[in-house]
Amino acid sequence: MGGGRRRKRRFSRIHAFTCGKTSFKGDHSLIGGPGFSRVVYCNEPECFEASLLSYGGNYVTSTKYTLVTFFPKSLFEQFRRVANSYFLICAVLSFTPLSPYSPVSNVLPLLVVIGATMGKEAVEDWKRKKQDIEVNNRKVEVHQGDGVFELTKWMDLRVGDIVKVEKDEFFPADLILLSSSYDEAICYVETMNLDGETNLKLKQAPEATSDLHEDSSFQNFKAVIRCEDPNANLYSFVGSLEFREEQYPLSPQQLLLRDSKLRNTDYIYGAVIFTGRDTKVIQNSTEPPSKRSKIEKRMDTIVYFLFAFLVVLSIIGSIFFGVATREDMENGKMTRWYLRPDETAIYYDPERATVAAILQFLTALMLYSYLIPISLYVSIEIVKVLQSIFINQDLHMYYEEADKPARARTSNLNEELGQVDTILSDKTGTLTCNSMEFIKCSVAGTSYGHGITEVERALAWRKGSPLAREVMEVEGQIEEFKEKKLSVKGFNFVDERIMNGNWINEPRADVIQKFLRLLAICHTAIPEVDEETGRISYEAESPDEASFVVAARELGFEFYERTQTNISLYEFDPVSGKKVERSYNLLNILDFSSSRKRMSVIVRNKEGKLLLLCKGADSVMFERLAKNGQEFAKQTKEHIAEYADAGLRTLVVAYREIDEEEYVEFNEKFTEAKNQVNADREEMIEEVAGNIEKDLILLGATAVEDKLQNGVPECIDKLAQAGIKIWVLTGDKMETAINIGFACSLLRQGMKQIVINSDTPENKALEKSGDKSAAAVAFKESILRQIAEGKRLLSSSSEKSEAVALIVDGKSLIYALEDDVRDVFLELAIGCASVICCRSSPKQKALVTRLVKTKTGSTTLAIGDGANDVGMLQEADIGVGISGVEGMQAVMSSDIAIAQFRFLERLLLVHGHWCYRRISSMICYFFYKNIAFGFTIFFYEVYASFSGQAVYNDWFLSLYNVFFTSLPVIALGVFDQDVSSRLCLKFPLLYQEGIQNVLFSWLRILAWSFNGVLSATIIFFFCIRAMQHQAFRKGGEVAGLEVLGTTMYTCVVWVVNCQMALSISYFTYIQHLFIWGGIVCWYIFLIAYGAMDPDISTTAYHVFIEACAPAGSYWLLTLLVLITSLLPYFVYSAIQMRFFPLYHQMIQWIRSDGQSDDPEYCRMVRQRSLRPTTVGLTARFEAK
């Protein structure tokens, strides 16, 4: 590859950069001081000096555990759950004589719970480990000495190694560019994984090493790099290169970052300066956090409360027991003779009543442990895994084109999906497809192009829109046209008036010719010819620039070659009707910048005329038009407004002729400005360029669609209707982000915008002054002032019920996120309908996410597709990775992976709502059934003067949660649906039950707990009163403890299972099987267990066959207790459903009445919204 060099292209002659002329100034004076102490010995990674520095290797890991830390860290994760810690104590105590039950029945459930959860954690982390192995074992060519390069694994790279990276490969570490296949040592880099941008960045090696083009050139290469220490700043770098006893400054222009990709360059040579955790992309990442849902945290709080309540009950019981024990022996008479206090060692000894009370307290702690459901955690784990399987297998979230289903990579956060209040989204690759399409244009005051954008399509299909029929007809014509012609990437233009050379028949064909010629010439793209097909493709610095060149080609002006001084086209000649070859002498390129908002080229045509061709934003172009160049200005402005409303990105196209004298004067000044090495260089270049970019003649405007992923506007609309706020955090320029905001309806025409921007003339002047501390103070004051102005605008808009958008740039974010500013910034941001943060670094994305999460206390969801989004995904409560075409870093750091942004709608509104409701109901029911069961034990303890005697058999106790009542709860957690998926999407309002936490509020938890106490009270007192003195057997004997315990247990099993049946909204055969099967299994177990040897079955020996089954009172009592226990819940549910229905109950009601398609009802439901819908297609449509 080293010999396959390209033709010489002297880009410095036409571009505004100056090859190899970076100077030592500003920050370079800090090299060698604190924070700038790194020294790299290039091509000598094993030399003595390098070995003393002990820099880290290039091995990276994203796993949560290692072999060493798995057991301690995982055990800590399990036992930070208070319930597990409590059961561990009980398990230890069960081996003592104090235990009211056998050790096996207590220890086994705990081992199952802990083992199952740790196993799940291990499997999930192993998946991350496999991805790490794949990345670390990638290979790159590394210099081994004597000019020989050999393939080496990424993880074996060392600081100082010289590497050779070839086209379309990722950089394995942070490198300093030394040379490339281009003679001037430039290369093109795609940084999408770092900042989300798809446009190519131009990098250039130092002039001193630019001639090292061959492998053999590095045989004796030696150099020393001194630079800044590892840090997270992607956009700055300070260093120096010592080569052949001379110093050369290094800047970001020479820095190639790990995980960016080499494009449009055959190969580069680079020196490794940062490896592994020192690389900037890893510095921007954070450790994988241990995430727990808010419901699980609240569940822990409930367990804390139950534990405290359990302790109180135990203390009360032990006090009563101590008093009763002390009074057991009076005058030689035994009050509780059956406890034999005269023969006991300690437990019932009246003379040691205090010690007996303490021991009874420990016994009670174990006995009342059934108030706290140990199987709750393992049941929830099982349910969440099954819920995740349903998410993974949902065909509505399967992306057929890429063969990518949804993947729930962790099941811990399923219910959080139903409580998301704020979504923080990346832009490029998440909302968009990473492609631009030329779709419309305005030339000579006439609009061309029939393409329909996503925004237009979504707006048109709103109910009642008059555009719907028109859109259907236009789409039909477009599809018919596309069938006849192969689709072209970047070109979605359909208009027979100017296609296929028909533009020559238009009234202003001369203007159209100049317009198309300008698109073919005014750019920095480089053509590449496919050797097999001969088809030309283009590598451009921005995707919209590539779309212009493609559009020009498809409309008859094909750019096919660029040399150092010429651009060559195949032009459609209106006279001959054929394509002819024409070359234009390329004199200068005036590059685009965010402050200029335009780019121009100066060329000489074959007639010798000098032409300035310019394209740029309408905000700067119209003011530069000549008085005689505004013939189509009015119509063009109208078309631009229409295009912007359709979500398109627009540029104005204009030109002028330059006379020789003016050009010579300009070129002298321009060359002089380019060669400057002081801080005013960029400003001087802009000033010179601005002086010639004037008196332009308007040709028209272009409109390209930053192609949104399918369904993005509709998805955002649904999420907005559900009351979810959406923030966009992107590394893109502000203009790009705003355009996307309009395209996906986060912004709309007429919406007030609060723009917090650091790019003010005052701030620029302070930066140039060199006084950094003064500049920082002024920056901060400026940001605070802009925030205060924004809050005033927000308050005035709130009074008028107007929606406001907040747009912030990355530099402003630095100060907005400082401790003393962030609260007021967040207050402003929360009040806005939509928030867009531009030029955000990965660290800033994570910090914004943390700010929203911690300060609002609401559930946040971050969604992104690149390595630059990893910190944000890990910081959010839920991280969703888009499994796009580039890299898997985001997916590997996410909790859930989906292939398209639009699947977020179903993930949240359907699966999120279902999972939230199921888990909430499941936990409430779990506490209900355990409180009902535990209080029957407590009531019996009161009845038995707190003697520590369990009313139930050991295995009755152990199997209650595991066998007889757990399966119906699991079925509830997996299958129950309050409403169908269709109605979840039809009524997004339903999602607000999760945002408001309606189904797991403290009131609802207390209500279920009260229901449990009430059921236990009815069960115990009915049973004890009915059986205490009544004859139970044929012989007239009263019921003993074993019969009482069996009868009470039967009643508990019936009541809690039938309560489940009443609570379920959506019955399946599985629910029927588990609910009624659980009851049947109880009777089967009772018969089988009772038939075992008395040493095994103990109090259950033949109790059912010989005692309970033959007694009619047993069956009658069970039925009476069942009806009485369920009656309060039934009455409450009927009243609440009729007079105080929740959202889902309203929908259930109208579904049964067949009113779910009634538009009046839909509007009424929307009026009950948590917050008004201010963004999205619905708001945009209603605002018209």
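The protein chain is annotated in an unreviewed UniProt entry as Phospholipid-transporting ATPase from Hibiscus trionum. According to its UniProt record, the protein chain has this under Cofactor (unreviewed entry): "Mg(2+)". Regarding the protein chain, the relevant UniProt record gives this comment under Function (unreviewed entry): "Involved in transport of phospholipids."

Engineer: Which residues make up the packing of aromatic side chains, and what values go with them?
Structural biologist: One pass over the full model with this rule turns up 54 aromatic pairs. Taking 5.1 Å as the distance between ring centres and 10 degrees as the angle between the ring planes, the aromatic pair formed by Phe 933 and Tyr 952 counts as stacked. In this pair, Phe 933 sits in helix α27 (residues 903–943) while Tyr 952 sits in the loop between α27 and α28 (954–964), placing the two residues 19 residues apart along the sequence. Phe 933 sits in the buried class, given a relative accessible area of 0%. Aromatic pair Phe 956 and Trp 1082: ring centres 5.1 Å apart, planes at 80 degrees, arrangement edge-to-face. Placement of Phe 956 in helix α28 and of Trp 1082 in helix α34 (residues 1069–1090) is noted, with a sequence separation of 126 residues between them. Across this residue pair, the class does not change: Phe 956 and Trp 1082 are buried. Feature note: the residues Phe 305, Phe 309, Tyr 368, Phe 935, Phe 938, Phe 939, Tyr 940, Tyr 943, Phe 1020 and Phe 1021 constitute an aromatic cluster, connected by ring pairs. It is Arg 38 that lies over the ring of Tyr 55; its NZ or CZ is 3.9 Å from the centre. In this structure, Arg 138 is placed above the aromatic ring of Trp 154, and the distance from its NZ or CZ to the ring centre is 5.1 Å.

Engineer: Residue-level account of the side chain of Thr 275, with values.
Structural biologist: Topologically, Thr 275 is positioned in the loop between β13 (267–274) and α6 (280–283). Since its relative accessible area comes to 1%, Thr 275 is described here as buried. Non-local contacts of Thr 275, meaning those with residues more than four positions away in its chain, are made with Gly 56, Gly 57, Asn 58, Leu 157, Arg 158, Val 159 and Ala 173.

Engineer: Now, about the nonpolar core: what can you tell me, with residues and values included?
Structural biologist: Among the nonpolar cores identified, the biggest contains 112 residues, and Tyr 368, Ile 923, Phe 933, Tyr 952, Phe 956, Tyr 1049 and Trp 1082 are the most heavily contacted of them. Counting residues per element, this core draws most heavily on α27, which supplies 16 residues. The residues contacting Ile 923, other than those within four sequence positions of it, are Ile 295, Met 299, Leu 376, Ile 380 and Phe 1000. With 80 residues, the next largest nonpolar core counts Phe 491, Phe 493, Ile 498 and Ala 617 among its residues.

Engineer: Can you break down the sheet that holds strand β5 (residues 174–180) residue by residue, with the values?
Structural biologist: The strand order across the open sheet formed by six strands is β3-β2-β4-β13-β5-β11, and the pairing between neighbours is antiparallel. Looking at the sheet topology across the chains shown, the edges are occupied by β3 (148–153) and β11 (255–256).

Engineer: I'd like a rundown of the UniProt feature "active site" (unreviewed entry) in the protein chain, residues and numbers included.
Structural biologist: Summarizing the sequence annotation, UniProt attributes the feature "active site" (unreviewed entry) to Asp 426 in the numbering used throughout. Among the structural elements, Asp 426 can be located in the loop between β17 (420–425) and β18 (432–443). Classification of Asp 426 as buried rests on a relative accessible area of 0%. If near-sequence neighbours (up to four positions away) are discounted, Asp 426 is found in contact with Leu 431, Leu 729, Thr 730, Lys 845, Ile 863, Gly 864, Asp 865, Asn 868, Asp 869 and Met 872. Side-chain polar atoms of Asp 426 contact the side chain of Lys 845, separated by 3.2 Å.

Engineer: Report on the confidence of the model for the protein chain, specifying residues and quantitative values.
Structural biologist: Here the protein chain averages 81 in pLDDT, while 85% of its residues score no lower than 70. Ranking the helices and strands of the protein chain by mean pLDDT puts strand β4 (residues 162–166) first, with 94, and helix α11 (residues 467–484) last, with 52. The low-confidence segment residues 1–14, where pLDDT is below 50, has 53 contacts with residues more than four positions distant or belonging to other chains. This stretch, residues 16–23, has a pLDDT under 50; its non-local contacts, to residues over four places away or in other chains, come to 29 contacts.

Engineer: Lay out the pattern of salt bridges in plain terms, naming residues and giving numbers.
Structural biologist: Summed over the entire model, instances satisfying the criterion amount to 41 salt bridges. Residue Arg 128 pairs with Asp 125 through a salt bridge whose shortest N-O separation is 3.0 Å. With Arg 128 and Asp 125 both in helix α4 (residues 103–136), this residue pair falls three residues apart, about one helical turn. Asp 125 shares its class with Arg 128; the two are buried. The shortest N-O distance in the salt bridge between Glu 693 and Arg 598 comes to 2.7 Å. Placement of Glu 693 in the loop between α17 (681–692) and β28 (697–708) and of Arg 598 in strand β25 (residues 598–604) is noted, with a sequence separation of 95 residues between them. Relative accessible area serves as the criterion here: at 0%, Glu 693 is assigned to the buried category. Ionic contacts of the salt-bridge type, sharing partners, join the residues Glu 46, Arg 158 and Asp 161 into one network.

Engineer: Which residues make up the UniProt feature "transmembrane region" (unreviewed entry) in the protein chain, and what values do they have?
Structural biologist: In this structure's numbering, the residues bearing the UniProt feature "transmembrane region" (unreviewed entry) are residues 301–324, 357–378, 926–943, 955–975, 1005–1027, 1073–1092 and 1112–1132. With 95% helix and 0% strand, the stretch residues 955–975 has end C-alpha atoms that lie 29 Å from each other. Across residues 1073–1092, the secondary structure splits into 90% helix and 0% strand, with the terminal C-alpha atoms separated by 27 Å.

Each value, and the rule that gives it
Residues numbered from 1 in each chain as written. Predicted model: local features only at pLDDT ≥ 70, side-chain atom pairs only at ≥ 80, totals over all residues. Heavy atoms only, no water. UniProt positions renumbered as here; feature names shortened; annotations may be inferred. Phe/Tyr/Trp six-rings, centres within 6.5 Å; stacked < 30°, edge-to-face > 60°. Helix = DSSP H or I, 4+ residues; strand = E, 2+ residues; numbered from the N terminus. Buried < 20%, exposed > 50% of the residue type's maximum accessible area, 1.4 Å probe, protein only. Lys NZ or Arg CZ within 6 Å of the ring centre and 35° of its normal. Contact = heavy atoms within 4.5 Å. Core = buried A, V, L, I, M, F, W, Y, C linked by side-chain atoms within 4.5 Å. Pairing = 2+ DSSP bridges. Polar contact = N/O pair within 3.5 Å; in protein donor to acceptor, adjacent residues only side chain to side chain. pLDDT = per-residue confidence, 0-100. Salt bridge = Lys/Arg side-chain N within 4 Å of Asp/Glu carboxyl O.

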